[in-house]
Amino acid sequence: MYETLLMEATHLGIDTYEKQMPHRIKGLYANDIIWINKNMETSYDKACILAEELGHYHTSSGDIINQNTIQNQKQEKVARSWAYERLVPLSKIIQAHKEAIRNRYELARYLEITEEFLNNAIKHYKEKYGDTVKYEGHTICFEPLGVIEWFDKTF
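Residues numbered from 1 in each chain as written. Predicted model: local features only at pLDDT ≥ 70, side-chain atom pairs only at ≥ 80, totals over all residues. Heavy atoms only, no water.

Novice: Hey, could you run me through the sheet that holds strand β4 (residues 132-135) in this one?
Specialist: Strand pairing in a sheet takes place through backbone hydrogen bonds and is either antiparallel or parallel in direction. Judged by pairing direction, the sheet is antiparallel, and its three strands sit side by side in the order β4-β5-β6 without closing on themselves. Strands with a single pairing partner mark the edges of an open sheet, and in this sheet they are β4 and β6 (145-149). Strand after strand, the sheet turns through a mean of 20° between neighbouring axes, direction not considered. In this sheet, strand β5 (residues 138-142) lies alongside β4 in antiparallel orientation, the contact comprising four bridges. Counted as the bridge partner of Tyr135 is His138 from β5. Taken strand by strand, helix α6 (residues 115-129) contacts β4, β5 and β6, and its axis lies near 115° from that of β5. (Pairing = 2+ DSSP bridges. Helix = DSSP H or I, 4+ residues; strand = E, 2+ residues; numbered from the N terminus. Axes fitted to C-alpha atoms, helices over the stretch in contact; angles between N-to-C directions. Contact = heavy atoms within 4.5 Å.)

Printed below as a string of structure tokens:
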């Protein structure tokens, strides 16, 4: 997934660099440049951060580093939501179900993301839709996580 996102960034005209940064900073986006902290352990970690920074490209405006303002916090949430929906689309949850993925650990590996990111994506969907959502002839349950495939797809 990380390589796919790097290619996506390049296609959008965004330069991406891995750079040594303080541990607390995982990634930054400004002026069509994304910096990813080189100290992150896995490509899954990097993919999650890169997706969020791409979310800033698509959804944010101005300098939002200071997270003490409501407006900046809102922009941060929108960028994260964009990343969740990009890396954990509902269609992929259904596809994973069809491929017999049976728990969150397996799902995170299948999606090439961290379990923490997956858990946050599920929380995002639960906030957005409630406990379940009907999608393409299926019902996705967020707590507990599962997919129900209906025979009668008339809804």
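This is not the end of the story, as more comes after the structure.
Novice: Hey, could you run me through the packing of aromatic side chains in this one?
Specialist: Where two aromatic rings form a pair, the distance of their centres and the angle of their planes describe that pair. Counted under the stated rule, the structure contains four aromatic pairs. For the pair Tyr125 and Tyr129, a centre-to-centre distance of 6.1 Å together with 20° between the ring planes defines the contact as stacked. Highlighted residues: Tyr125 and Tyr129, both in helix α6, separated by four residues, approximately one helical turn. Judged by relative accessible area, Tyr125 falls into the buried class, the value being 2%. The exposure class assigned to Tyr129 is partly exposed, which follows from its relative accessible area of 34%. Where Tyr125 meets Phe142, the ring centres are 5.8 Å apart and the plane angle is 15°; that geometry is what we call stacked. One end of the pair, Tyr125, is in helix α6; the other, Phe142, is in strand β5, with 17 residues separating them in the sequence. An aromatic cluster of three or more residues is present, and its members are Tyr125, Tyr129 and Phe142. (Phe/Tyr/Trp six-rings, centres within 6.5 Å; stacked < 30°, edge-to-face > 60°. Buried < 20%, exposed > 50% of the residue type's maximum accessible area, 1.4 Å probe, protein only.)

Novice: In this structure, what is going on with the nonpolar core? I would like to understand it.
Specialist: The nonpolar side chains of a soluble globular protein tend to be buried with one another. Counting residues in hydrophobic clusters, the biggest one holds 34 residues, and the most contacted among them are Val88, Ile113, Phe117, Leu118 and Ile140. Of all elements in the fold, only α1 (2-11), β3 (33-37), α2 (43-59), α3 (70-87), α4 (90-98), α5 (104-111), α6 and β5 reach the threshold of two or more residues within this core. At six residues, α2 tops the list of elements feeding residues into this core. When sequence neighbours within four positions are dropped, the list of residues in contact with Ile113 reads Tyr44, Cys48, Leu87, Val88, Ala108 and Leu118. (Core = buried A, V, L, I, M, F, W, Y, C linked by side-chain atoms within 4.5 Å.)

Novice: Whenever I open this one, the packing of α4 against α5 confuses me. Can you help?
Specialist: Pairs of packed helices are described in terms of their axes, by the angle between the two and the distance that separates them. Relative orientation of the contacting elements α4 and α5 amounts to 115°, with a least axis distance of 11 Å. Regarding α4 and α5, the two cross each other, and that crossing is right-handed. Contact residues: α4 offers Lys92, Gln95 and Ala96, while α5 offers Leu107, Tyr110 and Leu111. Along the lines of polarity and charge, the residues of the contact of α4 with α5 split into four nonpolar, one polar and one charged. (Left-handed = near helix turned anticlockwise from the far one by under 90°. Nonpolar A, V, L, I, M, F, W, Y, C, P; charged D, E, K, R; others polar.)

Geometry only, nothing functional implied.
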